[in-house]
Amino acid sequence: MSRDEVTRLEIGSDVQIAGARQAVRQAAVAAGFSLVEQTKIVTAASELARNTLVHGGGGHMELAVVENSGGHGIRLTFTDDGPGIPDVDVALSDGYSTGNGLGLGLGGARRLVQDFTIESRPGGGTTVTAVAWSRMAQRVPR
Amino acid sequence: MTSVGSDGSGAATVAQVLETRGEQVAQQWADLPLFRNVYTTGRDAAVAAAHRLVRVLAEVARHGRLDDTSAPDFERVRPHLAQTVTARTRSGATHQQITAEVAELKRPLLEIVARETGGADGAVAAVELMGTLRVVVVEIALSEGAELIDRQRAQLLEISNPVIKLWDGVVAVPLIGTLDSARTQVVMEALLQAIVDQNAGMAILDITGVPMVDTVVAQYLLKTAMAVRLMGAECVISGIRPQIAQTIVQLGIDLGDITTRATLADALKWALGKAGVSVVVGEG
Amino acid sequence: MTAEAGAGRVSVLRMGDILIAAIQQELTDESALALQQDLTEMAAAGARGVVIEISGVEIVDSFLARVLSEIAAATNMLAGRTVVAGMRPSVAITLVEMGLGLRGLETARSLEDAMAVFRGQAGR
Ligand SMILES: Nc1ncnc2c1ncn2[C@@H]1O[C@H](COP(=O)(O)OP(=O)(O)OP(=O)(O)O)[C@@H](O)[C@H]1O
Ligand SMILES: [Mg+2]
């Protein structure tokens, strides 16, 4: 995986969520993602960016294009210094929301990508990493 | 590469028998399943084919290549053997059955060799020669099988757009074979795109050709039907055989409000009915 | 026929007793909420149906999905119907993969189809 070309975007307002979606869309097009693949990763980004803003009190997104022998992938890392998630498994379950959302964002985003990790400590902020690969790149055993 | 019996004398003995008693061997082989099942048009054709094989085996023995599956003489019968293997495979014979049928050729030959020569050398050489023939046939069967699989795989890849337009506004995708997740994704995307391209209000997912429905496949059917509905079109699943219906129930999968029909024809009738086209059913 | 528009706002057209909102640009959360409010208020003022045309929408996430569902629920309460028309295949696949079936939502392939739904209803 190449570590170069990491783009960092602030997530501090809903306009910046829209900006994050646009940046991810451009990267997905450049990485050769199909239209459906683009839509999935952009939707996942939208969910995670909104969580960063709404639940995490704002933070930032790092966007990187990664590569394997089959093709390209996109790695997104969302970081905030918010309250953290006390129980990640509970937060991931469908329908669980501490706000007035559907409670489908986190679990839904996980289903839209191939790799998904959450690091969070109560009071210590949250980092969510999501990686999606193009169909050709998914064929390569990892 | 020498072994007992291929020191020359045994091989020469077998070659001799195959040359002088070739007609007799061929007559007996023609009645055995390997030839009888392939040359169904007449016994003469079976005898001729058996004789062709006898002559080749005689050459192999004459050249002392009893245990050599790559003996050049085999090349002359390879296409014929390949045809035989393909014909037997098409009529449902397994590779095991085919090689067993090849093994059956041994006995008549051994009997004739024993009668003609008396010594053990000829018999041992004949056993070895027929063993080699069996390996040649196994090799052919395996390569034919691989070719068949390659051909099928290529055909599958060729069908980049498996969606067919059945009627104005009605698209259908006949699902065939085992569904893996890569293939199901392709099919789902193609079906949804066809709804846009054909301005179709009805989409039929036909699973007549799907041998087995497990949770993954059922999940996929559900997802596709839901996506079709989100786009504002209607989805019917057809070809749900009784066993599959039972499996779906046993798996505890709820197809919910998804319309299902027994056959593709029933599904089309339903779709046309919805679209306001009346279908006149002929008699019979 | 009336139209309402503002900065980043989705304009809503009224055709008789049908309200039509065609979302053509990417929505921020704020403009999605503004649309929800506009439609609900206009529906309360009297409307038989609402059509939200989303063929220009490239992604629907759980936030927008909730907004659409809530508009439908509100118009239902006001004795109307909401039809979401023109969802793209890529959006439909993504929603389903996420687990968002939007079961309660009425859908149509296009704006014309959605209008036909209401015309058919009027004829009855
Ligand atoms: N970055 C974060 N910091 C703190 N808590 C979070 C964070 N992300 C998610 N959570 C917690 O996990 C819960 C589930 O998140 P999820 O995105 O699934 O639902 P939601 O945001 O409440 O609703 P929606 O369906 O609209 O996304 C949230 O309600 C919140 O309690
Ligand atoms: Mg969320």
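Residues numbered from 1 in each chain as written. Chains lettered and ligands numbered in written order. Predicted model: local features only at pLDDT ≥ 70, side-chain atom pairs only at ≥ 80, totals over all residues. Heavy atoms only, no water.

### Some thoughts on the overall build of chain A
Point 1. Along the backbone of chain A there are 5 helices and 5 strands.
Point 2. Helices and strands appear in chain A in the N-to-C order β-α-α-β-β-α-α-β-β-α.
Point 3. Relative to the globule expectation of 14 Å for 142 residues, the C-alpha radius of gyration of chain A, 14 Å, shows essentially globular dimensions.
Point 4. Every one of the 142 residues in chain A was classed for burial, and the buried ones make up 51%. (Helix = DSSP H or I, 4+ residues; strand = E, 2+ residues; numbered from the N terminus. Rg over C-alpha atoms; globule rule 2.2 N^0.38 Å. Buried < 20%, exposed > 50% of the residue type's maximum accessible area, 1.4 Å probe, protein only.)

### Quick look at the UniProt feature "domain: Histidine kinase/HSP90-like ATPase" (unreviewed entry) in chain A
Point 1. Per the UniProt annotation, the sites labelled "domain: Histidine kinase/HSP90-like ATPase" (unreviewed entry) are residues 36-136 of chain A.
Point 2. In the segment residues 36-136 of chain A, helix accounts for 34% and strand for 34%; the C-alpha atoms at its two ends are 14 Å apart. (UniProt positions renumbered as here; feature names shortened; annotations may be inferred.)

### Remarks on the nonpolar core
Point 1. Counting residues in each nonpolar core, the largest one holds 107 residues, and the members touching the most others are A:Phe116 and B:Leu175.
Point 2. In terms of residue count, the dominant contributor to this core is helix H10 (residues 215-230) of chain B (9 residues).
Point 3. B:Leu175 has contacts with B:Val187, B:Leu205, B:Asp206, B:Ile207, B:Gly209, B:Val210, B:Tyr220 and B:Leu221, leaving out every residue within four places of it along the chain.
Point 4. B:Ala26, B:Leu81, B:Leu105 and B:Leu129 belong to the second-largest nonpolar core, a separate cluster that totals 48 residues. (Core = buried A, V, L, I, M, F, W, Y, C linked by side-chain atoms within 4.5 Å. Contact = heavy atoms within 4.5 Å.)

### Some thoughts on the packing of aromatic side chains
All names here are of chain B.
Point 1. Going through the model one piece at a time under the given rule, you end up with 1 aromatic pair over all chains.
Point 2. Seen from their ring centres, Phe 35 and Tyr 39 are 6.4 Å apart, and the 20° between their planes marks the pair as stacked.
Point 3. Residue Phe 35 is classed as buried on the basis of its relative accessible area of 5%.
Point 4. Judged by its relative accessible area of 19%, Tyr 39 falls in the buried class. (Phe/Tyr/Trp six-rings, centres within 6.5 Å; stacked < 30°, edge-to-face > 60°.)

### What to know about the sheet that holds strand E5 (residues 126-133) of chain A
Residues and elements named next belong to chain A.
Point 1. The antiparallel open sheet is built from 5 strands, whose spatial order is E1-E2-E3-E5-E4. A single partner strand is all that each edge strand has here, and the edge strands are strand E1 (6-11) and strand E4 (115-120). Strand-to-strand twist in this sheet, taken as the mean axis angle between neighbours without regard to direction, amounts to 15°.
Point 2. Pairing of strand E3 (residues 71-80) with E5 involves 8 bridges; the strand directions are antiparallel. Bridge assignment links Ile 74 to a residue of E5, and that residue is Ala 132. (Pairing = 2+ DSSP bridges. Axes fitted to C-alpha atoms, helices over the stretch in contact; angles between N-to-C directions.)

### Some details on the interface of chain C and chain A
Point 1. At the junction of the two partners, chain C supplies 21 residues and chain A supplies 25 residues.
Point 2. In total, chain C and chain A occlude about 1,900 Å² of area from one another, counting both sides; carbon and sulfur atoms represent 56% of this.
Point 3. Considering only the side of chain C, the residues that lose the most area to chain A are C:Ile59, C:Arg66 and C:Met98, jointly responsible for 29% of the buried surface there.
Point 4. The interface formed by chain C and chain A contains 5 salt bridges.
Point 5. When the shortest N-O distance is used, the salt bridge between A:Arg21 and C:Asp61 registers 3.7 Å.
Point 6. One can count 9 residue pairs in polar contact (both at pLDDT 80 or more) joining chain C with chain A.
Point 7. Where the side of chain C that touches chain A is concerned, the elements lending two or more residues are helix H1 (29-44), helix H2 (62-77) and helix H3 (89-98) of chain C.
Point 8. With 6 residues, H3(C) is the single largest residue contributor to the side of chain C that touches chain A. (Buried area = accessible area lost by both parts, 1.4 Å probe. Salt bridge = Lys/Arg side-chain N within 4 Å of Asp/Glu carboxyl O. Polar contact = N/O pair within 3.5 Å; in protein donor to acceptor, adjacent residues only side chain to side chain.)

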